[in-house]
Amino acid sequence: MSAGAAALSACGAIVRRHDRDRYLTSLFASPAAREGLFALLAFNHEVAKTAEVVSEPIIGQIRLQWWRESLDGIEAGTPRQHEVVTPLYDAVQAFGLSLSPLRRLIDARETDLEETAPADVNSLLEYCRATGGGLSRVCAQCFEASEQEQDLAEEIGTSYALVGLIRATPGLAKTKRSIIPHTLWSDASVDEKAYFALRSEPGLERAVGELSALAADALASARSKGRPRRLLPILLQAQLARGYLKTLSKAGNNPFSPDLVAESPGRILWLWLSSVLRTY
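Parameters at a glance
- Residues numbered from 1 in each chain as written.
- Predicted model: local features only at pLDDT ≥ 70, side-chain atom pairs only at ≥ 80, totals over all residues.
- Heavy atoms only, no water.
- Buried < 20%, exposed > 50% of the residue type's maximum accessible area, 1.4 Å probe, protein only.
- Helix = DSSP H or I, 4+ residues; strand = E, 2+ residues; numbered from the N terminus.
- Arc of directions from axis to C-beta.
- Contact = heavy atoms within 4.5 Å.
- Phe/Tyr/Trp six-rings, centres within 6.5 Å; stacked < 30°, edge-to-face > 60°.

Description of helix H7 (residues 100-110)
In an α-helix, one turn spans 3.6 residues; hence positions three or four apart end up facing the same way. Taken residue by residue, H7 has Pro 101, Leu 102, Leu 105, Ile 106, Ala 108 and Arg 109 as its buried positions. Projection of H7 onto a plane perpendicular to its axis shows the buried side chains occupying an angular sector of 165°, all on one side. The inward-facing, buried residues of H7 abut helix H3 (31-48), helix H5 (57-76) and helix H8 (121-141).

Things to note about the packing of aromatic side chains
Overall, the coordinates contain six aromatic pairs when judged by the stated rule. Between Phe 43 and Trp 67 the ring centres are 5.6 Å apart and the planes differ by 80°, which places this aromatic pair in the edge-to-face class. One end of the pair, Phe 43, is in helix H3; the other, Trp 67, is in helix H5, and 24 residues separate them in sequence. Like Trp 67, Phe 43 is buried. Both rings, one in Tyr 195 and one in Phe 256, keep their centres 6.1 Å apart while their planes meet at 50°; by these two values the pair is tilted.

Focus: unusual backbone geometry
Positive phi is not limited to glycine here, since Glu 115 has a value of about 55°. Along the chain, the position of Glu 115 falls in the loop between H7 and H8. Here the phi dihedral of Lys 176 falls at roughly 60°; this positive angle occurs in a residue that is not glycine. Examined against the element boundaries, Lys 176 turns out to sit in the loop between helix H10 (169-174) and helix H11 (182-187).

As structure tokens, then:
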């Protein structure tokens, strides 16, 4: 279940460095499926980081278009020679992966370049579904998941993405951005000055509490629909999300709490115990 840094593929190394939680959950997959997951997660990282690495929106649009064309090449059987594109092509060939969710993921990430919060909660959930949800749906295909199981994976991925956005609040606030929908920001009376100073206050905690409740309800709904063992790496992401929500609740829904982003050296052991005891 372990993998040394020297033995990692290029995609595995990218995921290990930039998407630690999903890297750990991927270690619970078979070696063949694991490489498929690494290719998908590395693709996700390369697309997701676009807004962070470009200086102008037009440059970001060009970068995202490059990835769209890369998917076109994969579909046509003429993949670009690239450390992520080539393994992604191999995964598509090996598992018959659908590219439509990956194209929707790119489209959703283009909204990151606008640097504006979603208009309302539904818009935020649609963004999470197109990003984390779509990614998990395709990841489930590495396990020959049924359509129903893919729906389950998408629901988990959507919730995981929402929790991830809540945890990203400090970084977003530092760059004068927020994922709290405009309507919720207004209804909760979030103090803008305090938010951008990275200080929690009752309005922000009300807004974050509503978002965390949505994520918790969605995770509970997904869990009630079954826990197919073949989807263990994705089910463990749900377990991680529940753990983060528990930490957030203990912090009074303060998204700036350092406990929410603290690295836990025992996380892999906790995941292993969850897999053995089937508490996922």
